[in-house]
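Read off the chains here:
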Amino acid sequence: MQKHEKIGAMQEAVRALKADGKRIAYVPTMGALHAGHASLIRLAREKADTVVVSVFVNPLQFGPSEDFAKYPRTPSADAALCEKERVDLLFMPSAEEMFPRGFSTHLHEEAVSKPLCGIVRPALFRGVLTGWLKLFNIVRPDVLVMGEKDAQQVAVVRKAAADLLLPIEIMTGPVVREADGLAVSARNNYLTPTQREEALAVFAALRKAKEMVDAGVKSADRLVAEVTHLIAAKRRLRVIYISVVDRNTMEQLREITSGQCLLAISYWVDEVRLTDNMAL
Ligand code: AMP
């Protein structure tokens, strides 16, 4: 596996692969790699000759009071996981390398990025899109691989890619969960055992909502009320948002009308913010 920290070296490596006719599948990450990322790397491996992973904690996507400084950084373990998963090229640029002083151009999607996380984290998707577009221009992927755990991110990137005719195919992998059902996340490392125990109530509530839909419930209000009620029983949990949405537009739905519906939730476990979702 080749590992690069500088844009120039990475571009050189990509040029050599392209000259060799290689098809590139790309998994962008913020590191602290875990089973969710590994599942995407395996999916990428099925889709192309060459797998590129980036580990970049993008400062543009964190608000001033968010956890940029304390976001987990585990570069050696990340490199070891990539090596084990037979990644070909690992790109680990610094914030200064990606966004040097004077960087002043941003990409802003203005519909799909507005609700849900867009309300509570206004910097998030502008930061994601700007960082990813720059990474795409370095990595020049044929296939982009993303996780459905971040359903709104998938929808926003799909929309921006369609609007701007980005020449990439987009693939997604399902939410990977711990054995107990908690969606795997770098931020799970912040949880104490008690907090983690309470967070499990969210997965139980999402599963209950899915069961209700399978039993014929169509009203989004009823589902949201039930999930809210189940979560309210836990002292450490506070819902940031919970909504039934169309998976492509992220628009709120009143009725479960098709297989395109998602129940999306973001919540605090004390001071740790987590997100999850369930296809309905
Ligand atoms: P992150 O490092 O959190 O920016 O995530 C990088 C990629 O991994 C994104 O496409 C995420 O959606 C995906 N990802 C993160 N956690 C999971 C998970 N538990 N299951 C599937 N994909 C995930």
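Residues numbered from 1 in each chain as written. Predicted model: local features only at pLDDT ≥ 70, side-chain atom pairs only at ≥ 80, totals over all residues. Heavy atoms only, no water.

## Comments concerning the site of the ligand
- Taken together, 16 residues lie around the ligand, and M30, H37, D150, V176 and V184 are the ones closest in.
- Within the backbone of M30, an N or O atom sits 2.9 Å from an oxygen atom of the ligand.
- Between the ligand and V184 there is a distance of 2.8 Å, counted from a nitrogen atom to a backbone nitrogen or oxygen.
- Relative to its unbound accessible area of 480 Å², the ligand is 93% covered by the protein chains. (Near = heavy atom within 4 Å. Polar contact = N/O pair within 3.5 Å; in protein donor to acceptor, adjacent residues only side chain to side chain. Areas by Shrake-Rupley, 256 points an atom, 1.4 Å probe, with all protein chains shown as cover.)

## A closer look at empty space enclosed by the protein
- Per the counting criterion, the structure on display carries three cavities of 30 Å³ or more.
- Empty space within the largest cavity amounts to approximately 900 Å³.
- Around the largest cavity, the lining is made up of 46 residues, and of these M30, K149, D150, Q153 and T275 lie nearest the centre.
- Going through the elements one at a time, β2 (24-29), α2 (35-47), α6 (124-139), β5 (143-147), α7 (151-163), β8 (261-269) and β9 (272-279) are the ones with two or more residues in the lining of the largest cavity. (1 Å grid on protein atoms, 1.4 Å probe; cavity = no way out; pocket = protein on both sides within 12 Å on 5 of 7 lines; lining within 4 Å. Points joined across faces, edges and corners; volume = space filled by probe spheres on them. Helix = DSSP H or I, 4+ residues; strand = E, 2+ residues; numbered from the N terminus.)

## Some words on the packing of α6 against α7
- Contact geometry for α6 and α7: axes closest at 11 Å, N-to-C directions at 55 degrees. Judged by the inter-axis angle, α6 sits oblique to α7. For the pair α6 and α7, the crossing hand works out as right-handed. Residue-level contacts link F125, V128, L129 and W132 of α6 to Q152, Q153, V156, V157 and A160 of α7. (Axes fitted to C-alpha atoms, helices over the stretch in contact; angles between N-to-C directions. Parallel < 35°, antiparallel > 145°, perpendicular 65-115°, else oblique. Left-handed = near helix turned anticlockwise from the far one by under 90°. Contact = heavy atoms within 4.5 Å.)

## Digging into the nonpolar core
- Counting residues in each nonpolar core, the largest one holds 42 residues, and the members touching the most others are M10, M98, W132, L144 and M250.
- Counting only elements with at least two residues in this core, the list comes to α1 (7-19), β2, β4 (89-91), α6, β5, α7, β7 (237-246) and β8.
- With nine residues, the top contributor of residues to this core is α6.
- Both domains that meet at this core, namely domain 1 (2-173) and domain 2 (186-279), each give it at least three residues. (Core = buried A, V, L, I, M, F, W, Y, C linked by side-chain atoms within 4.5 Å. Buried < 20%, exposed > 50% of the residue type's maximum accessible area, 1.4 Å probe, protein only. Domains from an automatic or database assignment.)

## Side note on the environment of S185
- Within the secondary structure, S185 sits in the loop between β6 (169-173) and α8 (193-214).
- Accessibility expressed as a relative area gives 14% for S185, which makes it buried.
- On a C-alpha basis, the gap between S185 and K149 in space is 9.1 Å, while along the polypeptide they are 36 residues apart.
- Not counting chain neighbours up to four residues away, the residues in contact with S185 comprise H34, K149 and L274.
- In terms of polar contacts, S185 uses its side chain to reach the backbone amide nitrogen of R187, at 3.0 Å.

## Details of the pattern of salt bridges
- As enumerated under the stated definition, the model contains 15 salt bridges in all.
- Of the charged contacts in the structure, one is a salt bridge between R23 and E169, with a shortest N-O distance of 3.3 Å. Of this pair, R23 sits in the loop between α1 and β2 while E169 is found in strand β6, placing the two residues 146 residues apart along the sequence.
- Under the relative-accessibility criterion, E169 is labelled partly exposed at 38%.
- The residue R177 makes a salt bridge to D276 at a minimum N-O spacing of 2.9 Å. Separated by 99 residues along the polypeptide, R177 in the loop between β6 and α8 and D276 in strand β9 bring together distant segments of the chain.
- Looking at R177, the relative accessible area reads 23%, which means it is partly exposed. (Salt bridge = Lys/Arg side-chain N within 4 Å of Asp/Glu carboxyl O.)

## Some remarks on the packing of aromatic side chains
- Under the defined criterion, the tally for this structure stands at six aromatic pairs.
- Here the aromatic rings of F56 and F99 are separated by 5.9 Å at their centres, their planes lie at 50 degrees, and the arrangement is tilted. Placement of F56 in the loop between β3 (50-55) and α3 (75-84) and of F99 in the loop between α4 (95-98) and α5 (117-120) is noted, with a sequence separation of 43 residues between them.
- On the basis of relative accessibility, which here comes to 4%, the residue F56 falls in the buried class.
- An aromatic cluster is present here, built from Y26, W132 and F136 joined pairwise through their rings.
- In this structure, K70 packs its charged tip against the face of Y190, placed 4.4 Å from the ring centre.
- The aromatic ring of F68 is capped on one face by R73, whose charged end is 4.8 Å from the ring centroid. (Phe/Tyr/Trp six-rings, centres within 6.5 Å; stacked < 30°, edge-to-face > 60°. Lys NZ or Arg CZ within 6 Å of the ring centre and 35° of its normal.)

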